[in-house]
Amino acid sequence: MLVSRAGCHLCDEGREVVRRVAEAAGEEWVEVDVDADPELLRRWSDRVPVVLVDGTERDFGLLDAGRIEGALRGRRWWRRR
C-alpha cells in the first residue's frame, strides 16, 4: 500500500518506484490518500509517501526500490495475495 497525498512531488516519484517494483514482483498494490482518512492523517501526515507491506511500514519519504523489493521478498507465504 502506498499512502500519499495530492500535490506531493515525493508522492509522484514514489508512485513510480512502487509501480515498477510491484510490476517486477508480480504484486498488486493500492494507493490511499492520507488526507481522506483521519487515522492515516494522524499517523503519517508528515511522512508521506509511506509504503506499507502487509500492514507494516517499510519505507517513507524518498522511497528506495531495493528496500521495497526486500520487504516484498520477505513476505510470509500465507500473507501473499
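Up top is the structure these notes are about.
Quick summary incoming for the structure in this document. Since this is a predicted model, take the numbers as computed values, not measurements. Numbers given to residues run from 1 along each chain, matching the order in which its sequence is written. For a predicted model such as this one, the threshold for reporting local features is a pLDDT of at least 70, and the threshold for listing and counting side-chain atom pairs is 80 or more; totals across whole chains, interfaces and linings nevertheless cover every residue. Values shown for side chains rest on all heavy atoms present in the structure; no hydrogens or waters enter the calculation.

### Considering the packing of aromatic side chains
What counts here: Working definition: rings of Phe, Tyr and Trp (its six-membered ring) pair if their centres are within 6.5 Å, and the pair is stacked with planes under 30 degrees apart, edge-to-face with planes over 60 apart, and tilted otherwise. As a reminder, the over-ring test applies to NZ of lysine and CZ of arginine, requiring each to be within 6 Å of the ring centre and within 35 degrees of the ring normal.
Throughout the structure, instances matching the rule amount to zero aromatic pairs. A cation over a ring is seen here: Arg-47 above Phe-60, with NZ or CZ 3.8 Å from the ring centre.

### A closer look at the nonpolar core
Nonpolar side chains in soluble globular proteins tend to end up buried together. Heads up, the condition is: We define a nonpolar core as any set of buried Ala, Val, Leu, Ile, Met, Phe, Trp, Tyr and Cys residues linked to one another through side-chain atoms lying within 4.5 Å. Think of it in three bands: residues with accessible area under 20% of the maximum for their type are buried, residues over 50% are exposed, and the middle band is partly exposed, with areas taken using a 1.4 Å probe on protein chains only. Helix and strand assignments follow DSSP, with helices taken as H or I runs no shorter than four residues and strands as E runs no shorter than two, numbered in order from the N terminus. For this analysis, residues touch if any pair of their heavy atoms sits within 4.5 Å.
Core analysis: the biggest nonpolar cluster contains 10 residues, these being Leu-2, Val-17, Val-18, Val-21, Val-51, Val-53, Leu-63, Ile-68, Ala-71 and Leu-72. Of all the elements in the fold, those that place two or more residues in this core are α1 (9-25), β3 (50-53) and α3 (65-73). Discounting chain neighbours no more than four positions away, the residues touching Val-18 are Leu-2, Trp-29, Val-51, Leu-63 and Ile-68. Core analysis: the next-biggest nonpolar cluster, separate from the first, contains nine residues, Val-34, Leu-40, Trp-44 and Leu-52 among them.

### Some details on the sheet that holds strand β1 (residues 2-4)
Put simply, the rule reads: The rule for pairing is simple: two strands pair if DSSP sees at least two bridges between them. Under this scheme, a helix contributes an axis fitted over its contacting stretch, all axes are lines through C-alpha atoms, and angles between N-to-C directions fall in the 0 to 180 degree range.
The sheet built from four strands is open, its strands ordered β2-β1-β3-β4 with mixed pairing. The open sheet is flanked by β2 (31-33) and β4 (56-60), the only strands paired with a single partner. The average angle at which neighbouring strand axes cross in this sheet is 30°, direction not considered. With three bridges connecting them, β1 and β2 associate as parallel partners. Pairing of Ser-4 across the sheet is with Asp-33, part of β2.

### Some details on the pattern of salt bridges
Side chains that carry opposite charge are capable of pairing whenever their charged atoms lie near each other. What counts, and what does not: In what follows, salt bridge is the name for a side-chain nitrogen of Lys or Arg lying within 4 Å of a carboxyl oxygen of Asp or Glu.
Applying the stated criterion to the full structure yields eight salt bridges. Across the pair Arg-15 and Glu-31 runs a salt bridge whose closest N-O atoms are separated by 2.8 Å. Placement of the pair is Arg-15 in helix α1 and Glu-31 in strand β2, with a sequence separation of 16 residues. In this structure, Arg-47 and Glu-57 form a salt bridge, with 2.8 Å as the shortest nitrogen-oxygen distance. Highlighted residues: Arg-47 in the loop between α2 (38-44) and β3 and Glu-57 in strand β4, separated in sequence by 10 residues. The exposure class of Arg-47 is partly exposed, given its relative accessible area of 26%. Take Glu-57: its relative accessible area is 28%, and that puts it in the partly exposed class.

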